[in-house]
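# Working through the structure, step by step
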Amino acid sequence: MKALLFLLISVVIFAIEVEIEILGSGGPEVDNRASSSYLLWIDGEAKALIDAGSGSMLQFERSSAKLETLEVILLTHMHIDHVVDLPSYIKAGYFSSRRNILPIIGPDGDDNFPSTIEYCSILFGEKGAYRYMKDVLTSQSDSFEIHPQDVNNTQHLVFNSFTVDTLKVHHGIVPSLAFRITVGEKSVVISSDTNNENHGLEIFAKGANLFIAHHAIPESAGEVAKTLHMTPSEIAQIVKKADVKKVVMSHRMKRTLEHENETITIMKKSYSGQIVFAEDLMRIRL
Ligand SMILES: [Zn+2]
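Fair warning: this is a prediction, and the values are worked out from it, not measured in the lab.

### Structural notes on the overall build of the chain
- Helices and strands together make up the secondary structure of the chain, namely 10 helices and 14 strands.
- For the chain, the C-alpha atoms occupy an extent of roughly 60 × 55 × 35 Å along the three principal directions.
- Expressed as a percentage of its 286 residues, the buried residues of the chain come to 47%.
- Considering only contacts within the chain whose residues lie at least 6 apart along the sequence, 64% involve residues at least 24 apart.

### Some points on the sheet that holds strand β10 (residues 186-190)
- In space, the 7 strands of this open sheet follow the order β7-β8-β9-β10-β11-β12-β13, with mixed pairing throughout. Lying at the two open borders of the sheet, with one neighbouring strand each, are β7 (156-158) and β13 (274-277). Strand-to-strand twist across the sheet, computed as the mean angle between neighbouring axes with direction ignored, equals 20°.
- As paired elements, β10 and strand β11 (residues 210-214) share 3 bridges and run parallel to each other. If you follow V189 over to β11, its bridge partner there is F211.

### Some remarks on helix α5 (residues 116-124)
- Within α5 the residues assigned to the buried category are T116, Y119, C120, L123 and F124. Looking straight down α5, one finds its buried side chains confined to an arc of 110°; they lie on one side.
- In this structure, the buried side of α5 is in contact with α3 (80-83), α4 (86-94), β5 (102-107) and β6 (146-151).

### Describing unusual backbone geometry
- For N32, which is not glycine, the phi dihedral falls at a positive 65°.
- With respect to the secondary-structure elements, N32 resides in the loop between β1 (18-24) and β2 (37-42).
- The residue S192 is not glycine, and still its phi comes out positive at about 70°.
- Secondary-structure assignment places S192 in the loop between β10 and α6 (201-204).

### Some details on the environment of A213
- For A213, the location among the structural elements is in strand β11.
- According to the C-beta neighbour criterion, A213 is buried, with 30 such atoms within 10 Å.
- Remark: the alpha-carbon pair of A213 and S191, spanning 22 residues in sequence, is separated by 5.4 Å.
- In this structure A213 touches S191, M230, I235, V247, V248, M249 and S250, once residues within four positions along its chain are discounted.

### Structural notes on the sheet that holds β2
- The 7 strands are arranged β6-β5-β4-β3-β2-β1-β14 in an open sheet whose pairing can be described as mixed. A strand with exactly one partner marks an edge of an open sheet, and here the two such strands are β6 and β14 (283-285). On average, each strand axis in the sheet is tilted by 25° relative to the strand beside it, whichever way the strands run.
- Where β5 and β6 come together, 6 bridges link them in parallel fashion. In the sheet register, G106 faces β6, and the bridge partner there is D150.
- Sheet strands in contact with α5 are β5 and β6, and its direction is about 145° off that of β6.

### Examining the pairing of β2
- The element β2 is extensively covered by neighbouring structure, given that 6 of its 6 residues are classed as buried.
- Taken together, the 6 bridges between β1 and β2 define a ladder with antiparallel strand orientation. Looking across to β2, one finds that E21 is bridged to L39.
- As paired strands, β2 and strand β3 (residues 45-50) are joined by 5 bridges and run antiparallel to one another. Across the sheet, the residue bridging to L40 is A48, located in β3.
- Connecting β2 to the next strand, β3, in antiparallel fashion are 2 residues, including D43 with a positive phi near 45°.

### Describing the packing of helix α8 (residues 232-241) against helix α10 (residues 260-268)
- Contact geometry of α8 with α10 gives a least axis separation of 8 Å together with a crossing angle of 40°. As the angle between them shows, α8 and α10 are arranged oblique. Judged by the twist between their axes, the crossing of α8 over α10 is right-handed. On the side of α8, the interface is formed by P232, S233, I235 and A236, while α10 contributes T263, I266 and M267.
- Residues of the contact of α8 with α10, tallied by class, amount to 5 nonpolar, 2 polar and no charged.

The rules we used
- Residues numbered from 1 in each chain as written.
- Predicted model: local features only at pLDDT ≥ 70, side-chain atom pairs only at ≥ 80, totals over all residues.
- Helix = DSSP H or I, 4+ residues; strand = E, 2+ residues; numbered from the N terminus.
- Buried ≥ 20, exposed ≤ 12 C-beta atoms within 10 Å, placed from the backbone.
- Contact = placed C-beta atoms within 7 Å.
- Pairing = 2+ DSSP bridges.
- Axes fitted to C-alpha atoms, helices over the stretch in contact; angles between N-to-C directions.
- Arc of directions from axis to C-beta.
- Parallel < 35°, antiparallel > 145°, perpendicular 65-115°, else oblique.
- Left-handed = near helix turned anticlockwise from the far one by under 90°.
- Nonpolar A, V, L, I, M, F, W, Y, C, P; charged D, E, K, R; others polar.

Pasting the structure below:
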């Protein structure tokens, strides 16, 4: 009995607290929400920033997170509503006490979209828009060095306190990545913008504690929108097949807000887990 009690107390004391904070729950429009952005918290420290859409930086400040504790910035794709605040973070870092290298990991590019390395070069390279801060791409940085890295499809990346698995997902012509972040026994999947055309997410998300879905279109969306985004029924199928207990519907937009009751009804036909609609600064424990 004593041994059991000791075991229970140790599990409670030593359990890692893992949370996801929604920094941006909106899309690219004017809607009183920041655009796509999430923060991974481990034991009270912000460890990974996923996407940096417009307004992300302000919500990061409101969340009391510190740039010094971040181990990586992950970017799903190079649309404005997912990456435009990135330079704000780097500039804010100049005024922080951060000195260690910050990896920035995202998709590779093509004729239509820059790769992650190219995007950082467009911002901070010799001919970049913010070339006055070009030292951040070098070890001579006045503050800290950023290390951009491109990912083509599946990779397993190891950080100090968590791992990240990547998966290429279909988002029209846009190179786009989903991420699965694992901390001990806990894991969260962030879908990115995608229509899941290749049906990779069902396997990728298998058994995850949480699935963050980008719910950018209603069920009744037209064919063009469906080449870019998942319908509610598609999201429900993914979390059902992947046996995920909770799904967070993020990337909310005016075209989906008025359909959210319908979205729930549709999803509940096949999915019995918890469905939560994202709000800026909402924190979800895994
Ligand atoms: Zn988007």
